[in-house]
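# Architecture and fold: a report
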Amino acid sequence: MTEAIIKIENLTKQYDDQIVVEQLSLSIKKGEIFGLLGPNGAGKTTTILMLLGLSEPTAGRVYVCGIDSTRNPIEVKQKVGYLPDDVGFYSNMTGLENLVYTARLNGLEKNEAEKRARYLLTKVNLIDVAHKKAGKYSRGMRQRLGLADVLIKNPEVIILDEPTLGIDPEGVRDILQLIKQLNREEQITVLLSSHHLHQVQQICDRVGIFVSGKLIAEGNMDTLARKLFLQDTFTIHVKCHPISEKLRVAVKQLPYVNKIEIEDDTMIIYSKEDVSAQISHMVIELGSRLYEIQKKNFGLDEIYHRYFEGRESDEVKHL
Ligand SMILES: Nc1ncnc2c1ncn2[C@@H]1O[C@H](COP(=O)(O)OP(=O)(O)OP(=O)(O)O)[C@@H](O)[C@H]1O
C-alpha cells in the first residue's frame, strides 16, 4: 500500500461559536494530486493553515511527511511548499533576483542559488523574462514564479491555494499543465484547493468535496457522482393522464427506480439509470396519454452546480 504523506485525523477548528472545520479525516498518498473542492468559506484555507502548522486546531491531528504540524511547524515548513492565492514578490527586483533571494534565505550558496533559480525559471517557462522586474509580470506569470519559488527548497509536498484565481483561460491551462508536469517529473505530492470543478477535474487524481467545514464526499471523478447522489442520478418528470394505480405500480417495479412522487398530472421518478424510454412505452401501453417527459441527469458537473450554485441542467423532450 502506498504510504499517506498527508494524514488528517478528526480535525476541528472553531472560531468563537463558529465551527469552520468539523471532524475532518483525510489521507493523501505520496505522489497524488488531490483536489480540495468547495465554495468560498467552506474552510479550505483554514484546513491548509492547520496543515502548515500556521493555525492551531481546536481538536484533532495533522501529519505531513509523518511530522505533527501543530507540534513541529518549522520541520513541516522544510518539507512543504505553500503557494497562497496571491504571492508577494519584490516588484522592483527581477524574477531571477526574487528566486535567488528565496534560495539564499533557504541557505543555498550564491552560485548554487543562481543555478537553482535558473533551473526553476526554465521549468516554469519564465527563463526568457528572467531579467524583467517581477512588478511587470502578469498575474499568470507571477503565479508561475510563485511555483518556482515554492520549489526552491525541493519540497516533498506543495499546497496550492486557488492557484488560478484571476488568470485568463490560456494562463489557467499553462498553470494546470505545469502542476501536472511537476507532479510527474519531480514526484511531488500536490494538494490543490479550488472552487473550479473543471480545473480540478482536469488534473486531480482524487477530489474531496468540502462544504461548510465538512468533507461530504471523496474519491476519483467516476465514483464521486455515484457517492453523492447514489440513488437519484436521474430524475424523470412524466406528464400524463390518467395516472392509474396500475401505471404507478408498473413504473415502481422497473429496475433502477427508487421512488415515485405524484404532483397533479405529473409523476416524478427518481432512478439510478435513465429509464425514460421504458416509461414512455409503459404509459402508452397502459392506455394513458403522454404529454411531456423531462429528464434531468445529475452528472458530477450538474451535481456540483446544484449543490453550490443552485443551478440545474435540464434535458427536455416535448412530445
Ligand atoms: N481568523 C478567523 N477568525 C474568524 N473566522 C474566520 C477566520 N478565518 C476564517 N474564518 C471563517 O472561517 C470560514 C472558513 O474560511 P476559509 O477561508 O477557510 O474558507 P475557504 O474555503 O478557504 O474559502 P475561500 O475560498 O473564500 O478562501 C469562513 O466563514 C471565515 O469567515
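All values derive from a computational prediction rather than experimental measurement.

## What about the nonpolar core?
- Membership of the largest hydrophobic core comes to 64 residues, with the highest contact counts inside it found for Val 64, Leu 99, Ala 148, Val 157, Ile 159, Val 190 and Leu 191.
- Those residues within four positions of Val 64 in sequence are excluded, and the remaining contacts are Ile 6, Leu 51, Ser 69, Val 76, Lys 79, Val 80 and Val 157.
- With 12 residues, the next largest nonpolar core counts Phe 234, Ile 236, Ile 269 and Met 282 among its residues.

## Structural notes on the pairing of strand β11 (residues 234-241)
- With burial as the criterion, only one face of β11 is covered, namely that bearing Phe 234, Ile 236, Val 238 and Cys 240; the residues Thr 235, His 237, Lys 239 and His 241 on the opposite face remain uncovered.
- Of the pairings in the sheet, the one linking β11 to strand β13 (residues 266-271) comprises 6 bridges and is antiparallel in character. Following the sheet pairing, Phe 234 is matched in β13 by Ser 271.

## Quick notes on the sheet that holds strand β9 (residues 206-211)
- Spatial ordering of the open sheet is given by β6-β7-β8-β3-β9-β10, a layout of 6 strands whose pairing is mixed. Only two strands of the sheet have a single partner each, and these edge strands are β6 (80-83) and β10 (214-219). Each adjacent strand pair in this sheet contributes to an overall mean axis angle of 15°, direction not counted.
- Sheet topology places strand β3 (residues 33-37) next to strand β8 (residues 189-194); 5 bridges connect them, and they run parallel.

## Concerning the environment of Glu 114
- In this fold, Glu 114 is placed in helix α4 (residues 110-123).
- A count of 17 C-beta atoms within 10 Å places Glu 114 in the partly exposed class.
- Remark: the alpha-carbon pair of Glu 114 and Thr 47, spanning 67 residues in sequence, is separated by 34 Å.

## A short note on the site of the ligand
- In the neighbourhood of the ligand, the contacting residues comprise Tyr 15, Val 20, Gly 38, Asn 40, Gly 41, Ala 42, Gly 43, Lys 44, Thr 45 and Thr 46.
- Looking at the shell around the ligand residue by residue, the classes come out as 3 nonpolar, 6 polar and 1 charged.

Scoring rules and cut-offs
- Here, residues in each chain are numbered from 1, in the same order as that chain's written sequence.
- For a predicted model such as this one, the threshold for reporting local features is a pLDDT of at least 70, and the threshold for listing and counting side-chain atom pairs is 80 or more; totals across whole chains, interfaces and linings nevertheless cover every residue.
- Working definition: the nonpolar core is a set of buried Ala, Val, Leu, Ile, Met, Phe, Trp, Tyr and Cys residues, joined through C-beta atoms within 7 Å.
- To sort residues by exposure, count the other C-beta atoms lying within 10 Å of each residue's C-beta; 20 or more gives buried, 12 or fewer gives exposed, and values between give partly exposed, all with C-beta atoms placed from the backbone.
- Once C-beta atoms have been placed from the backbone, residue pairs whose C-beta atoms lie within 7 Å are recorded as contacts.
- Only DSSP runs of H or I with at least four residues qualify as helices, and only runs of E with at least two residues qualify as strands; both kinds are numbered from the N terminus onward.
- The rule for pairing is simple: two strands pair if DSSP sees at least two bridges between them.
- To get an axis, a line is fitted to the C-alpha atoms, and for a helix only the part in contact is used. The angle between two axes follows their N-to-C directions and goes from 0 to 180 degrees.
- The rule is simple: place the C-beta atom from the backbone, and if it lies within 6 Å of a molecule or strand, the residue is near it.
- The residue classification treats Ala, Val, Leu, Ile, Met, Phe, Trp, Tyr, Cys and Pro as nonpolar and Asp, Glu, Lys and Arg as charged. All others, Gly included, are polar.

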